[in-house]
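Take a look at the letters that make up each chain.
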Amino acid sequence: MEYCIKIQLTVFAMGLPFLDSFFAAAGRGVWHADELGLADAQVVATGHAALDAELPGGGWPVGAMTELLQAAPEAHVWRLLLPALAQAVQARGGPVVLVGPPFEPCGPSLAAQGLPVEALMWVRSEAPAARLWACEQALRCADVAAVVAWLPQARVAELRRLQLAAAQHELLLFVCRPDSVALSASPARLRLRTDRCEADASQIALHILKRRGPPLASPVMLPARNERMAALLAAARVRRKLRLQQQGTVVEAGETATSAKVVRIDAWKGGPGALDRLAVAT
Amino acid sequence: MHWIALRWLLDDAGTPEGPVLPTPEAIGWWALRYTPHVAWQDEALMLEVSACERLWGGRLQLMRLLLADNPAPDARMLGTQGATSLIALARLRLFAREEKRPQDVPAGLPLDTLSAARAHLDLLARLGCRTWGDVASLPRGGLTRRFGAELRDALDAAWGLRPESHAWLTLPDVFEQKLELPALAETAPELMWSANRLLASLQLWLRARQRGARALELQWTLDLKRFNGVNLPPHQQVTVRTAEPTQDMAHLRRLISEKLALTTLSAPASWLRLRTLETDPWAGASTSFLPEDNRKGDRLHEMVERLSVRLGPSQVLVPSAQADHRPERKQAWRPALHKDKAPPDKARRQAQAAASQPDAIYPPWLLPEPLRLEMDGERPCYRGTLSRLVGPQRVEAGWWGDKEEGGQPAMRDYYVAESPEAGLVWIFRERPAARFSSGEVRWYLQGFYA
């Protein structure tokens, strides 16, 4: 019966100009599964252009759960989330609540990358139920900027409750889980799995498991180290090569000169970055 | 003089689980908001409003306000007015019995609505007196001799011929109320039901006093002096504190119930007492029309207090930057509950300067304790042999310290190393001073770059 009506409507639409515009307008509100969806809520840019291009709306969704699946609980979290967390803290002014992080977050390092030390709050509880409860309480708080939770044992119903709380209070919520749950169902709107790139250790391979859009064939590659660390490593490599040359030994084939590219960083001049200087000077 | 008499009727009074009225004092505190002259007379709350009725927009408007602002929403609130307190009370009693009021007040009021005449109702009825007017027309001397001075005085007061005297209610400086539990409480959460009643009273007191509560003490009396061969103290108590003064009972109720859930009663409890320890002047809340200012949800201190009460204060931590070169001491994690309100400006600026140094070489994750690494000949191992990439960075600090400061000087050479499995890690080689040297080189893992 419905099909008949639709067909009739289409037939009418061929002839009637005003219905053409109606169909065009209706088409705009429809998301086709083969194109990247639009965010229906606010997003926060991830700070990585390559990743932004693949996410619906161009950033982490605010008011929805984002799931990070990783083999090691500590891996790549800050590299992926730090720019967005720093933005959220600047915009909302509240703390970032870390529920059950695997290790102690190092304030000076995070502060150097834009997340002030005062904007951290560490809830350390081991019991899964207490973590879930703390996570929900943090989501219900108006002053919190974002919640990052490590919930290795959470079930779907519990995650759904967190997702609803995040949607109700419009917060950034990141849940880190082991990558063994990649095949199970999840209420998260966005699911990512991080892998170390086998070919190049300085890259993260980011598989987007679930998003509003077509499935991603090849993983998104992101640099695994921040610019300063990459510069430091490059400088160390150049220095080692020079030393080897001075000693007259043959440069090993693996350490090609092309991969060693020194990146100049202006902060060397300003700040008391003794460590960076040390890496270049000696 | 103009009096308003108020009374609260519960539909299903007497059932143990049914709604309960706030304590009489608390209702009196509520009424003090409208007039300074409030007293309990028998079963009714009397308000003398002649001096303040214009402030509230007239008698009718005041009655409407009172009825709309019922302090016990579960109960039906009755209110009547009269020129004297006895007339208002008599009309209230008629109203409660759903009888029509007589034409001429006070002379036509039935005699059983006068408290002073209740003892003599039979005799007066046999004398043919059914209304106040009947008794008032009896000869004064004989009436006083036969029934005592009390009845005649009451009638004089009802007609406004004698001044009335009342024990006016006043607001105490400190809230303190005791309540007997409906049944002996065996476990701490059972106290919550009665604590709710006390909290409702506290809210009325806070509103009348224009104050916000910062610290409360809930105390219960133990019913046994000795239990299992152990002498018991007469009382046990929990103390609840909140960072900002509040009149919001929902937050205090949650804090108390979380505290009670962690408490065990050493014996059954019979009485409950709530006392304010600290109160602050209540400033009220400033509101804004901007949508981003009106984000729904709890306030930060409420969340922190709730988490700290249930998980323990040492589980909810905030960092503060410290001036030290040892990485494990560059930040101190303190309980978020005891966060200083506003650190001094200078100290904060110093801390910010310390924190904003370009410390890119520090790893974002620190191990709580440095992990001793196993050695593969000369090279340390952590999930595979480590290859040193950047370093050394030499740290010599802590020589001034005593036991709490770390025990011995930290003399370390830090390296960024790469592990085939774990990626970049931050390791250090302990460089023992010459006189402590045992010749052994020890490597430790202190952080992860991830």
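Residues numbered from 1 in each chain as written. Chains lettered and ligands numbered in written order. Predicted model: local features only at pLDDT ≥ 70, side-chain atom pairs only at ≥ 80, totals over all residues.

### A short note on the sheet that holds strand β5 (residues 104-105) of chain A
Where strands meet in a sheet, backbone hydrogen bonds hold them as pairs that are either parallel or antiparallel.
In step 1: Taking strand neighbours across the sheet as the criterion, the 6 strands line up as β5(A)-β13(B)-β19(B)-β18(B)-β17(B)-β16(B) in an open arrangement whose pairing is antiparallel. Each end of this open sheet is capped by a strand with a single partner; those strands are β5 of chain A together with β16 (387-397) of chain B.
In step 2: Looking at chain direction, strand β13 (residues 365-372) of chain B and strand β19 (residues 442-448) of chain B are connected through 4 bridges and run antiparallel. Within β19 of chain B, the residue paired with L366 of chain B across the bridge is G447 of chain B. (Pairing = 2+ DSSP bridges. Helix = DSSP H or I, 4+ residues; strand = E, 2+ residues; numbered from the N terminus.)

### As for the domain arrangement of chain B
Residues and elements named next belong to chain B.
In step 1: Along its sequence, chain B is carved into domain 1 (3-158), domain 2 (176-281) and domain 3 (365-448).
In step 2: Between the C-alpha centres of domain 1 and domain 2 there is a distance of 35 Å.
In step 3: Between domain 1 and domain 2, the contact holds 10 residues from the first and 8 residues from the second.
In step 4: Of the residues in the side of domain 1 that touches domain 2, the class split is 8 nonpolar, 1 polar and 1 charged. (Domains from an automatic or database assignment. Contact = placed C-beta atoms within 7 Å. Nonpolar A, V, L, I, M, F, W, Y, C, P; charged D, E, K, R; others polar.)

### Side note on the sheet that holds strand β3 (residues 44-48) of chain B
All names here are of chain B.
In step 1: With antiparallel pairing, 4 strands are arranged side by side in an open sheet as β2-β3-β1-β4. What marks the edges here is a single partner per strand, and that holds for β2 (38-41) and β4 (76-82). Pairwise comparison of adjacent strand axes, ignoring direction, gives a mean angle of 25° for this sheet.
In step 2: Along the sheet, helix α2 (residues 59-68) makes contact with β1 (3-9) and β4, crossing β4 at roughly 160°. (Axes fitted to C-alpha atoms, helices over the stretch in contact; angles between N-to-C directions.)

### Some points on the interface of chain A and chain B
In step 1: Between chain A and chain B, the contact holds 50 residues from the first and 42 residues from the second.
In step 2: Mapped by element, the contributors of at least two residues to the side of chain A that touches chain B are α4 (77-92), β5, α5 (107-112), β6 (120-123), α6 (128-139), α8 (227-246) and α10 (274-281) of chain A.
In step 3: With 6 residues, the top contributor of residues to the side of chain A that touches chain B is α5 of chain A.
In step 4: Considered class by class, the residues forming the side of chain A that touches chain B number 31 nonpolar, 10 polar and 9 charged.
In step 5: In terms of strand pairing, β5 of chain A meets β13 of chain B through 2 bridges, oriented antiparallel. Note that in β13 of chain B the partner of P105 of chain A across the bridge is W365 of chain B.

### Examining helix α3 (residues 85-96) of chain B
Residues and elements named next belong to chain B.
In step 1: Between its terminal C-alpha atoms α3 stretches 16 Å, which fits the 16 Å expected from 12 residues at 1.5 Å a residue.
In step 2: Burial runs high along α3: 9 of the 12 residues are buried.
In step 3: Of all the positions in α3, only S85, L86, I87, A88, L89, A90, R91, L92 and R93 are classed as buried.
In step 4: At its buried positions, α3 is contacted by β1, β2, β3, β4 and α7 (149-158).
In step 5: Phi turns positive, to about 60°, at E98, one or two residues after α3. (Expected span 1.5 Å × (residues − 1). Buried ≥ 20, exposed ≤ 12 C-beta atoms within 10 Å, placed from the backbone.)

### Re the environment of A145 of chain A
Residues and elements named next belong to chain A.
In step 1: Mapped onto the elements, A145 comes out in the loop between α6 and β7 (146-150).
In step 2: Its 22 C-beta neighbours within 10 Å are what place A145 among the buried residues.
In step 3: Spatially, the C-alpha atoms of A145 and A64 are 14 Å apart, while their sequence positions differ by 81 residues.
In step 4: In this structure, A145 is in contact with A88, V89, R92, G94, P95, V96 and A119, ignoring residues within four places of it in sequence.

### So, the nonpolar core
In step 1: Residues V96 and V147 of chain A together with V425 of chain B are the most contacted members of the largest nonpolar core, which totals 104 residues.
In step 2: If one sorts the elements of this core by residue count, α4 of chain A sits on top with 10 residues.
In step 3: When neighbours within four sequence positions are excluded, V425 of chain B is seen to be in contact with Y382, L386, A417, S419, L445, G447, F448 and Y449 of chain B.
In step 4: Residues I4, L66, A90 and L204 of chain B belong to the second largest nonpolar core, which totals 61 residues. (Core = buried A, V, L, I, M, F, W, Y, C linked by C-beta atoms within 7 Å.)

### Concerning unusual backbone geometry
All names here are of chain B.
In step 1: Residues V105 and P106 are joined by a peptide bond in cis, for which omega reads 5°.
In step 2: The topology assignment puts P106 in the loop between α3 and α4 (121-126).
In step 3: Positive phi, close to 60°, is recorded for Q210, a residue that is not glycine.
In step 4: Topologically, Q210 is positioned in the loop between α8 (192-209) and β6 (211-222).
In step 5: Positive phi outside glycine occurs at R383, with the angle close to 50°.
In step 6: Note that R383 resides in the loop between β15 (379-381) and β16.
In step 7: For R383, a count of 12 C-beta atoms within 10 Å puts it in the exposed group.

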